Amino acid sequence: MTTPPLAPPGWSRWLVPPAALSVHLSIGQAYAWSVFKPPLESALDLSGTQSALPFQLGIVMLGLSAAFGGTLVERNGPRWAMTVALCCFSSGFLLAALGAATEQYWLIVFGYGFVGGIGLGIGYISPVSTLIKWFPDRPGMATGIAIMGFGGGALIASPWSSQMLESFGSDSDGIALAFLVHGVTYAVFMTLGVLLVRVPRAPTGAAEAVRATADGPQVSAKQAMRTPQFWCLWLVLCMNVTAGIGILEKAAPMITDFFAETPTPVSASAAAGFVALLSAANMAGRIGWSSTSDLIGRKNVYRLYLGVGALMYLLIAQFGADSKPLFICCALVILSFYGGGFATVPAYLKDLFGTYQVGAIHGRLLTAWSTAGVLGPLIVNWVADSQEAAGRSGPGLYGLSLTIMIGLLLLGFAANELVRPVHPRHHHVSAGPAPATAEVTDAAPRHPA
């Protein structure tokens, strides 16, 4: 068991979010994988399905490694977790570089998808528990800052990767060199987080002990999975992510198809700009909506994500083809909810289960992401293909899938309404000192969730 690095007296808790960001901005490169798809398809003679495999495997491994490694992250602390994430994520790129150089595509899949995917999962959950303990007064804002980095990582990685491929060439040697530079650069950048991160000291004295137990009894990860609250939240996250990723994965062709038969069709460059706007909304929603949840409560903000999200889909289905501004605004709102759902869920878990093993519980909950990562694109693409085969075009390709998304969001809304406080029989700790919580001297007043 590794001893987590304790913060010295006077350590500023505002140094912890940058440490978390150094990891999340790095692993957020996963959202920019599409930059490598065309060069790989050309250089290695791959199909579109084959070139997507490293990304798909990476997302699956993200959910699995977060689920199975969450308890180890809680036990060994954030520095251990960030180190594991650094080694796996960077090694994944180095293996992918070797695979590209030798034109062995299976090595790219294994390196980036399997090894790098483990780094994605461990890195994603590595700072969550620590941030919540440092910011007990504003857990939504704290986790939002870090998880915002995952959404925004692609905004950095996408143009950077494109520039490298332009400079190095888009053949197998150029791709290999780009992978190599990624692996080395991300290793250096993530090292900053490893060196900077600290955990709060255990509370001392009566006042600190009272504050540490103010959040009530704690629930272990194993016991949390036996509660209906965990599975309700699993369904809530899965439905919210399915709805968001359905638009994100097919954004460019969707807006093109919606307005293909109008006097002013959408150009390829405009569609690319739309995708960039969606990425910005995804990133902004992670910090904006998660911070809002500290003010209005977690349950209320998920009512917003799911209820208003369903309304946005309804507006797109009914009137989206008549107005580009309406289509774009609704899509931006949906993607902000998509990002906000990711960033708010750790704080929701903390409210329900306490800080005892919140990182491990979060890891298990991320299997909902893996499920949604398959479900969302499958629904949108399968429906579009079937409608095209039936002779439909334009907005008609998406009418059924939009209706399905509305139904899924309403299902998630109902699951959120069923969430209640955890029954005392599931509590792991009912009295005495709770896990360490940082001393807060610059805190805003707490708001009930």
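Owing to the predicted nature of the structure, the values given are computational and were not obtained by experimental measurement. Counting starts from 1 at the beginning of each chain's written sequence and moves along it residue by residue. Selection of residues for local features in this predicted model requires a pLDDT of at least 70, selection of side-chain atom pairs for listing and counting requires 80 or more, and totals for whole chains, interfaces and linings are taken over all residues. Only hydrogens and water are removed before side-chain values are computed, so all heavy atoms of the structure are retained for them.

A. Here's a closer look at the overall build of the protein. Along its length, the protein carries 18 helices and zero strands. Radius of gyration (C-alpha) of the protein: 22 Å, near the 22 Å computed for a compact globule of 449 residues. Dimensions of the protein along its principal axes, counting C-alpha atoms only, are 70 × 50 × 35 Å. Exposure categories follow from relative accessible area, calculated using a 1.4 Å probe and restricted to protein chains: below 20% of the type maximum is buried, above 50% is exposed, and the middle band is partly exposed. Residue burial in the protein is summarised as follows: out of 449 residues, 54% are buried. Whether two residues are in contact is decided by their heavy atoms, any of which lying within 4.5 Å being enough. Across the protein, contacts joining residues at least 24 apart in sequence account for 85% of those joining residues at least 6 apart. Only the protein chains shown count as covering a residue, and every accessible area follows the Shrake-Rupley method with a 1.4 Å probe. Within the structure as shown, the protein displays about 17300 Å² of accessible surface, and the carbon and sulfur contribution to it stands at 67%. Under this rule, positive means Lys or Arg and negative means Asp or Glu; His and the chain ends count for nothing. Here the site of a charge means NZ on Lys, CZ on Arg, CG on Asp, or CD on Glu. Here the protein contributes 23 positive and 21 negative side-chain charges, whose respective centroids are spaced 16 Å apart. Each helix is a run of DSSP H or I of at least 4 residues and each strand a run of E of at least 2, with the numbering of both proceeding from the N terminus. The reference for a compact globule is 2.2 Å times residues^0.38; the radius of gyration itself is calculated from the C-alpha atoms.

B. Molecular detail of helix α7 (residues 139–168). Expected helix span is given by 1.5 Å per residue-to-residue step, counting one fewer step than there are residues. Between its first and last C-alpha, α7 extends 43 Å over 30 residues, near the 44 Å set by a 1.5 Å rise per residue. The sharpest bend along α7 reaches about 40 degrees and sits at G151. Two residues or fewer after α7 comes G169, characterised by a positive phi angle close to 105 degrees. In this analysis the local bend is the angle between axes fitted, respectively, to the seven residues ending at and the seven residues starting at the residue.

C. Representation of the packing of aromatic side chains in the model. Put simply, two rings from Phe, Tyr or Trp (the six-membered ring, in Trp's case) pair if the centres are within 6.5 Å, and we call them stacked under 30 degrees between planes, edge-to-face over 60, tilted for the rest. One pass over the structure, following the stated rule, counts 28 aromatic pairs. Centroid distance W231 to W234: 6.4 Å. Interplanar angle 50 degrees. Geometry classified as tilted. In this pair, W231 and W234 both sit in helix α11 (residues 228–249), three residues apart, roughly one turn of the helix. With relative accessibility at 43%, the residue W231 sits in the partly exposed group. Ring geometry for F259 and F327: centres 5.7 Å apart, planes at 85 degrees, overall edge-to-face.

D. Quick look at the pattern of salt bridges. Any carboxyl oxygen of Asp or Glu within 4 Å of a side-chain nitrogen of Lys or Arg constitutes a salt bridge here. Per the stated rule, a full pass over the model turns up six salt bridges. Its salt-bridge partner being D294, residue R298 comes within 2.7 Å of it at the nearest N-O pair. Owing to a relative accessible area of 4%, R298 belongs among the buried residues under this scheme. The shortest N-O distance in the salt bridge between R298 and D351 comes to 2.8 Å. Of the two residues, R298 sits in helix α14 (residues 298–319) while D351 sits in helix α15 (residues 324–353), which places them 53 residues apart along the sequence. Through salt bridges that share partners, R13, D137 and R138 make up one connected network.

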